[in-house]
Amino acid sequence: MILEIVLSALFFTFLGILYVKGYDIVKKHSQEHLPHFYLIMATIRMLLVATVVALYVFFTENRENAISFAIIFIIMYAVMMVVTLKLRH
């Protein structure tokens, strides 16, 4: 389970950095597109998170591990959303 947590933290760190850098680029070049950028990135992040959780649940045979992973991953997603919103808004 430690490996899953570390990989999840790296995944969310990558998504957070991608959001922050993208936000800075859009803000610098075209501020009127910031709402569109936010909605697109929120959709991409949500789809990626749902895909990762679904794949893990699908390929894991242990139901308890799958439920634990899904809960931890969704909590990490919520924390990432709060942190990225606090950093850039």
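The model shown is predicted, which means the values in this text are computed figures rather than measured ones.

Concerning helix 2 (residues 34–59)
So, point 1. In this model helix 2 runs 37 Å from its N-terminal to its C-terminal C-alpha over 26 residues, within 8% of the 38 Å that 1.5 Å per residue would give.
So, point 2. All of the buried residues in helix 2 are L34, F37, M41, A42, R45, V49, V53 and Y56.

Some details on the confidence of the model for the protein chain
So, point 1. Here the protein chain averages 89 in pLDDT, while 98% of its residues score no lower than 70.
So, point 2. When pLDDT is averaged over each helix and strand of the protein chain, the minimum, 86, is found for helix 3 (residues 63–88) and the maximum, 92, for helix 2.

With respect to the packing of aromatic side chains
So, point 1. Scanning the model with the defined rule gives 9 aromatic pairs in all.
So, point 2. In this structure, R45 packs its charged tip against the face of Y19, placed 4.7 Å from the ring centre.

Observations concerning the environment of F73
So, point 1. Secondary-structure assignment places F73 in helix 3.
So, point 2. Linking F73 and R45, residues 28 residues apart in sequence, is a C-alpha distance of 12 Å.
So, point 3. In contact with F73, other than residues within four places in its own chain, are S8, F11, F12, V49, V52 and V53.

Rules of the game
Residues numbered from 1 in each chain as written. Predicted model: local features only at pLDDT ≥ 70, side-chain atom pairs only at ≥ 80, totals over all residues. Heavy atoms only, no water. Helix = DSSP H or I, 4+ residues; strand = E, 2+ residues; numbered from the N terminus. Expected span 1.5 Å × (residues − 1). Buried < 20%, exposed > 50% of the residue type's maximum accessible area, 1.4 Å probe, protein only. pLDDT = per-residue confidence, 0-100. Phe/Tyr/Trp six-rings, centres within 6.5 Å; stacked < 30°, edge-to-face > 60°. Lys NZ or Arg CZ within 6 Å of the ring centre and 35° of its normal. Contact = heavy atoms within 4.5 Å.

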